Every structure is written in C-alpha cells, then in structure tokens.
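# Structure assessment
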Amino acid sequence: MRIVVAGGAGDLGSRVVREVTARGHQVVPASRRTGVDLTTGEGLADAVAGADVVVNCADDTSRGDDVTVYGTRRLADAAADSGVHLVHVSIVGIDDHPMTYYRRKLRAEQGIQATGGPATVLRSTQFHSLAAFFARTITKGPLTVTIGDMAFQPVDTDFVAARLADLALGARPTAYARATDVAGPDVLTVGELATLLRAHRGASAPRVVRFPAVGGVMRAFAERRTVPSPGDAQTGGLPFVAWLATQPERLTGR
Ligand SMILES: NC(=O)c1ccc[n+]([C@@H]2O[C@H](COP(=O)([O-])OP(=O)(O)OC[C@H]3O[C@@H](n4cnc5c(N)ncnc54)[C@H](OP(=O)(O)O)[C@@H]3O)[C@@H](O)[C@H]2O)c1
C-alpha cells in the first residue's frame, strides 16, 4: 500500500513512517519540509492523490487553530474528495475538557467527521516524554506541586505509532469511526512521576505539595478526565519506568 504520513518528520510521525516501512509498504512523509503545508493547502492535493491511506500526525500547537483545526480539516477534505481513508491521532478525554488545545483537538475530530469521508480517529493518552516534561516543569528542587489527585496514564510513542500503522493497513471503514483509545499500562500520579524522574538522576524523592484545583482546566486534570476508565483503552507499550531507563540522565525537551 501507499501510505502518506502528514507530519512524517515529527516525533510520532517519524515512528509511523518507520513502522509502516518495516511492514513492507511504501511511505510518503508530507509536511512543510516536503512541500506540503496544511495551513495554505500547498502541495496537499498532489500528496493525497494516489495514496491508499493518509495518516495525520501533523500539528503545530504554536499556531492556534491554523494547523490543529483548519489544517486538519483541509487534509480531511482532500482525503474525502479522493475517497482516501484518513487515520488521525487525537487525545483521550477531550470531550469535556476546557483546555484550549484539547478543545481544538475535539473540533478537529468534528471537522473530520463532517467531511463524511472514510476516517478513523485514534485517541491516545500523553506520551511518556510529555508526562516527563510536565512533571519536570512542576518540580522545583525537592518540591513538586500537584493539583488534587492529578495523574496520567502515559504511553510509549512507539506503541501509538504501531496502532496507527495497524489502522492504516487494516480494514477501511465506510464512514467516520473511532478506534479503541490507547494508553500506557500504568496510571501514575504527578508525585510518582516526579519521584521516578528524580530517582533517574540519583536524587531523593521530592516533597509533594498538594493544591486544590482552581478553575475548569485544573479541575479537569484533578478529576483525571484524561485518564481512561479501566477497561476502556487498549493498553501496551513500555511502562513509563522502562521508557525512562532508556533516556539520558538529564532529560530535555518534550
Ligand atoms: N505528545 C503527546 O503526548 C500526544 C498525545 C496524544 C496525541 N498527540 C498528537 O500527536 C500528534 C503529533 O504530535 P508530535 O509530538 O509527534 O508532533 P511534532 O513532533 O511537533 O511533529 C509535528 C509535525 O507536523 C508538521 N507540521 C507542522 N506544521 C505543519 C503544516 N503547517 N503543514 C504540514 N505539516 C506541518 C511538522 O513538520 P514540518 O515542520 O516539516 O512542517 C512535524 O513533522 C499531534 O496531533 C498531537 O495532538 C500527542
């Protein structure tokens, strides 16, 4: 099959490219560096033409609605116009979450659904790297701040990429479909994440200071709306602690 991966040079997209290539299929990465811009539509029709499936891992959180909402819709329209199956990655728990980015991701899903074309949306929990970034950000020296019972169920990005590859290479839906959500094997509180991160660089467990949630966004995280209910998600991939063991002592970036 010929699989176009939008955002194929990104963290997730490059893993999808690797996975689909390893399974013996032809892969075409598509993003600005290959002449495809979802914000202008440049190169889009040509990229989609001749594809059997388009996997969308493109995004730019610094561009507001431009890529996340409108760029996704542009890609979904191009795929629907050509009758091409679109596989799109989204985020677990966004149905009732006031965080601006999550609301954009929900609008992106709704835009895909509105095209009426064959599409599959896979929602994932936060990648291990993002959970680690978050826990590092709210840990200052030996102190970690947590809001209520906030926790994550972070997932190995390679596991998400493999599921996207399964969906791209599997049966094509006739219309819009949601795949079973994916998550990592463990639910970890912010305190547990921070403790693992500090242990990773030989430091003692942090003191965890717990604050009550103030405002809708904090409340949504404190209520663990981004953690799937037990049994609702397909779980797998490296647990956070095993992923952490593969990382350098000083983590950087997301
Ligand atoms: N990180 C997480 O924890 C997490 C969890 C669940 C779901 N997700 C979803 O996973 C997806 C991928 O995330 P990621 O961290 O892999 O992103 P990333 O590393 O930032 O990669 C984004 C890709 O999008 C491309 N891109 C940006 N602007 C573009 C444009 N205007 N037109 C075409 N391509 C464009 C970039 O390539 P160029 O620079 O070449 O354009 C890049 O390859 C996102 O949709 C995100 O919501 C992430």
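Taken together, the 3 strands give an open sheet; going across it, the order is β6-β7-β12, and neighbouring strands pair in mixed fashion. Looking at the sheet topology across the chains shown, the edges are occupied by β6 (139–140) and β12 (207–211). In this sheet, strand β7 (residues 143–147) lies alongside β6 in antiparallel orientation, the contact comprising 2 bridges. Counted as the bridge partner of T139 is T144 from β7. Sheet strands touched by helix α7 (residues 190–200): β6, β7 and β12. Its angle to β7, the strand with the most contacts, is close to 155 degrees.

This brings us to the packing of aromatic side chains. What describes a pair of aromatic rings is the distance from one ring centre to the other and the angle between the planes of the rings. Evaluated as defined, the whole model comprises 5 aromatic pairs. Ring centres 6.4 Å apart and planes at 55 degrees place the aromatic pair F152 and F221 in the tilted group. Taken together, the positions of F152 in strand β8 (residues 151–152) and F221 in helix α8 (residues 216–222) put the pair 69 residues apart, joining distant regions of the chain. No difference in accessibility class separates F152 from F221, as the two residues are buried.

It is the contact of helix α5 (residues 128–137) with α7, at a shortest axis distance of 9 Å, that shows an interaxial angle of 90 degrees. By the angle between their directions, the pair α5 and α7 is classed as roughly perpendicular. Facing α5, whose interface residues are A131, A132, F134, A135 and R136, α7 presents V190, L193, A194 and L197.

Our next topic: the site of the ligand. The immediate surroundings of the ligand are formed by 27 residues, with S31, R32, R33, Y101 and K105 found nearest. With respect to the ligand, the backbone of L38 contributes an N or O atom lying 2.9 Å from a nitrogen atom. Within the backbone of F127, a nitrogen or oxygen atom sits 2.7 Å from an oxygen atom of the ligand. Contact with the protein chains hides 84% of the accessible area of the ligand, taken as 910 Å² for the molecule alone. Mapped onto the shell around the ligand, the elements with two or more residues apiece are α1 (11–22), β4 (85–91) and α4 (100–115). The element best represented in the shell around the ligand is β4, accounting for 3 residues. Class assignment of the residues belonging to the shell around the ligand gives a composition of 12 nonpolar, 8 polar and 7 charged.

The next subject is the nonpolar core. The nonpolar side chains of a soluble globular protein tend to be buried with one another. Among the nonpolar cores identified, the biggest contains 24 residues, and L12, V16, V55, V160 and L164 are the most heavily contacted of them. Only β1 (2–6), α1, β3 (53–56), β4 and α6 (157–169) provide two or more residues apiece to this core. Per-element accounting of this core gives the leading share, 7 residues, to α6. The contacts of V16, once residues within four sequence positions are left out, are V5, V55, C57, A161 and L164. Counting residues in hydrophobic clusters, the runner-up holds 21 residues, among them L38, L44, A47 and A76.

Structurally, the position occupied by D60 is in the loop between β3 and α3 (65–81). Here D60 is buried and forms no salt bridge, its nearest opposite-charge partner R32 lying at an N-O distance of 4.1 Å. At 2.6 Å, the side chain of D60 forms a polar contact with the side chain of S62. Not counting residues within four places of it along the chain, the set of residues in contact with D60 comprises R32, V67 and T68.

Inspection of the secondary structure assignment puts R219 in helix α8. Taking the relative accessible area as the measure of exposure, R219 reaches 40% and is therefore partly exposed. Residues R219 and S14, spaced 205 residues apart in sequence, show a C-alpha to C-alpha distance of 34 Å.

If you check α4, its first and last C-alpha atoms are 23 Å apart, about what 16 residues at 1.5 Å a residue would give, namely 22 Å. For α4, the complete set of buried residues consists of Y102, R104, K105, L106, A108, E109, G111 and I112. Where the residues of α4 are buried, they touch α3, β4, β5 (119–124), β9 (176–178) and α8. Looking at the residues trailing α4, positive phi occurs at G116, about 80 degrees.

What counts and how
- Residues numbered from 1 in each chain as written.
- Predicted model: local features only at pLDDT ≥ 70, side-chain atom pairs only at ≥ 80, totals over all residues.
- Heavy atoms only, no water.
- Pairing = 2+ DSSP bridges.
- Helix = DSSP H or I, 4+ residues; strand = E, 2+ residues; numbered from the N terminus.
- Contact = heavy atoms within 4.5 Å.
- Axes fitted to C-alpha atoms, helices over the stretch in contact; angles between N-to-C directions.
- Phe/Tyr/Trp six-rings, centres within 6.5 Å; stacked < 30°, edge-to-face > 60°.
- Buried < 20%, exposed > 50% of the residue type's maximum accessible area, 1.4 Å probe, protein only.
- Parallel < 35°, antiparallel > 145°, perpendicular 65-115°, else oblique.
- Near = heavy atom within 4 Å.
- Polar contact = N/O pair within 3.5 Å; in protein donor to acceptor, adjacent residues only side chain to side chain.
- Areas by Shrake-Rupley, 256 points an atom, 1.4 Å probe, with all protein chains shown as cover.
- Nonpolar A, V, L, I, M, F, W, Y, C, P; charged D, E, K, R; others polar.
- Core = buried A, V, L, I, M, F, W, Y, C linked by side-chain atoms within 4.5 Å.
- Lys, Arg positive; Asp, Glu negative; His and termini not counted.
- Salt bridge = Lys/Arg side-chain N within 4 Å of Asp/Glu carboxyl O.
- Expected span 1.5 Å × (residues − 1).

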